[in-house]
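# Per-entry structural report
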Amino acid sequence: MKRVGNLYGKIISLENLRLADEKARRGKTSTYGVQVHERNREANLLALHEALLTKTYHTSQYQIFKVYEPKERIIYRLPYYPDRIVHHAIMNVLEPIWVSVFTHNTYSCIKERGIEGCARAVEKIIRKYDGRPLYCLKIDIRKFYPSIDHEVLKRIVRRKIKDADLLWLLDEIIDSAPGLPIGNYLSQYLANLCLAYFMHWVNERLHIEIGCKEPVDATEYADDIPFFADNKEDLHKVFRAVKRFMEEELHLHIKGNYQIFPIAENRYDKHGRALDYVGYKFYRKQKLMRKSIKTNLCRVVAKLNSKQPAVPYKAYKMAIASWIGWAKHSNSRHLLKTIIQNKQYYGILRHEALRTGGSGKRLLPVPFQHQGSGRSCIYRRRRAERRRAAQAVAV
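Each value, and the rule that gives it
- Residues numbered from 1 in each chain as written.
- Predicted model: local features only at pLDDT ≥ 70, side-chain atom pairs only at ≥ 80, totals over all residues.
- Heavy atoms only, no water.
- Helix = DSSP H or I, 4+ residues; strand = E, 2+ residues; numbered from the N terminus.
- Buried < 20%, exposed > 50% of the residue type's maximum accessible area, 1.4 Å probe, protein only.
- Contact = heavy atoms within 4.5 Å.
- Areas by Shrake-Rupley, 256 points an atom, 1.4 Å probe, with all protein chains shown as cover.
- Lys, Arg positive; Asp, Glu negative; His and termini not counted.
- Charge placed at Lys NZ, Arg CZ, Asp CG, Glu CD.
- Core = buried A, V, L, I, M, F, W, Y, C linked by side-chain atoms within 4.5 Å.
- Pairing = 2+ DSSP bridges.
- Axes fitted to C-alpha atoms, helices over the stretch in contact; angles between N-to-C directions.
- Patch = residues over 30% accessible without salt bridge, like charges linked within 9 Å, V, L, I, M, F, W, Y side chains within 5 Å.
- Salt bridge = Lys/Arg side-chain N within 4 Å of Asp/Glu carboxyl O.

Along its length, the protein chain carries 18 helices and nine strands. By principal-axis analysis of the C-alpha atoms, the protein chain measures approximately 80 × 65 × 40 Å. Of all 395 residues assigned to the protein chain, the portion counted as buried reaches 47%. In the protein chain, 69% of the contacts between residues at least 6 apart in sequence involve partners at least 24 apart. Carbon and sulfur atoms form 51% of the exposed surface of the protein chain, whose accessible area is close to 21,100 Å². If the 71 positive side-chain charges of the protein chain are averaged to one point and the 40 negative ones to another, these points end up 12 Å apart.

This brings us to the environment of leucine 180. Positionally, leucine 180 belongs in the loop between helix H9 (164-174) and helix H10 (185-204). Taking relative accessible area as the criterion, leucine 180 reaches 4% and is therefore assigned buried. A C-alpha to C-alpha distance of 9.5 Å links leucine 180 and tyrosine 76, two positions 104 residues apart in sequence. Not counting chain neighbours up to four residues away, the residues in contact with leucine 180 comprise Tyr145, Pro146, Ile148, Leu153, Ser187, Leu190 and Ala191.

In this section: the nonpolar core. In this structure, Trp98, Phe198, Leu206, Phe227 and Val242 are the most contacted members of the largest nonpolar core, which totals 76 residues. With 13 residues, the top contributor of residues to this core is H10. Ignoring anything within four residues of it in the chain, the contact list for leucine 206 reads Trp201, Val216, Phe227, Val238, Ala241 and Val242. Formed by 40 residues, the second largest nonpolar core is a distinct cluster that contains Tyr129, Phe261, Ile293 and Tyr316.

So, on to the sheet that holds strand E9 (residues 287-289). Where strands meet in a sheet, backbone hydrogen bonds hold them as pairs that are either parallel or antiparallel. Spatial strand order, E7-E8-E9: three strands in an open sheet with antiparallel pairing. Strand pairing shows two members of the sheet lacking a second neighbour, strand E7 (275-277) and E9, which therefore form its edges. Strand-to-strand, the axes of this sheet are offset by a mean angle of 25°, without reference to chain direction. Note: strand E8 (residues 280-282) against E9, three bridges, orientation antiparallel. Bridge pairing links phenylalanine 282 to lysine 287 in E9.

Further remarks concern the pairing of strand E1 (residues 63-67). Judged from the five bridges that link them, E1 and strand E2 (residues 73-77) form a sheet pairing that is antiparallel. By the bridge assignment, valine 67 is partnered in E2 with arginine 73.

Let's shift gears to a positive patch on the surface. Residues Arg380, Arg381, Arg382, Arg383, Arg386, Arg387 and Arg388 make up a contiguous surface patch of positive charge. Note that arginine 388 resides in helix H18 (residues 377-394). Residue arginine 388 is classed as exposed on the basis of its relative accessible area, which comes to 52%.

As a further point, take the pairing of strand E3 (residues 135-140). It is a general feature of regular strands that their side chains alternate between the two faces of the sheet. For E3, the buried fraction is high: five of the six residues fall into the buried class. The pairing of E3 with strand E5 (residues 224-229) spans six bridges and is antiparallel. Following the sheet pairing, tyrosine 135 is matched in E5 by alanine 229. Alignment of E3 against strand E6 (residues 259-262), held across four bridges, turns out to be antiparallel. Directly across from cysteine 136, in E6, lies its bridge partner phenylalanine 261.

Honestly, it's all geometry; don't read function into it.
Structure (structure tokens):
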């Protein structure tokens, strides 16, 4: 693989630092760190450029705190200036280089892929097994971000980057916290890079080592990796080979709750189960929202429905917009019809982007208007046409 050099000068240039500043501040202009930086913006960028040029830059002290939703995690937060600007400056140059290293079935935190790209890939794999048995091996890496070995990560970084000055800066950031700190902009790309060559091995070599004729179907989203096959024996071989590679090459360990199971036809099929992955429950002929996401949606809708006076239509729609996005890409037609009971909110379900909910059917059989009059927009359009025709005749 060709290694890339002469990148450090591009990263520390004032033009790139200004661009990084613009990207890092998006949506955060009201925060304290951005406002303090704004008072001496140009002088700060000049000082940062000089610190990087003379290699006197050091990562600032982290602010460490815990979050408990959806589970307990330790978050590391850096100040806006200079650290977040530096991270964006690095990724302005390195992002296309590192994305070119990632495999086609890596989806986490990559533009134009993400959760929905991963979900579409899983659906495509499931369709591939039409008429054949379908089994899944689902693995999860134990404490993935905190467990990443710095020496292993540095060795992987050097497989693509040869610029000594840039390697100094990356080593400085990598060594600033144990493992990979959750919360750093750079961490999500370094995590993908840590597994990039593992995924190349999965796609190109794994089937040869276990004696299969075709490459093993798999997708990777952060540390969640499902493998697919038409029999359990191949998946047991996959697990043993993957476990050995993870431990010997990456110094990572797979959780003991790995599973090998048949994927059911739908939620009523008792001869299998769903693949719970990237926020959805995948069946062979059905796709549902994950239970925790559905529960949160129902709680929010119940609170909105109980408010008096009724919540305005626009505010109601904004309050549940993110969950509507999940519903749009799954079989959630009946769920939405059940929980959104007030007719003045039916306009949410009539939106063009929500006409189908994974099943190819309209979310509501009649496109109600959201004003609550009970009349269809079709009837209103026809009345308007008759009114214009009458006015034309009168003239």
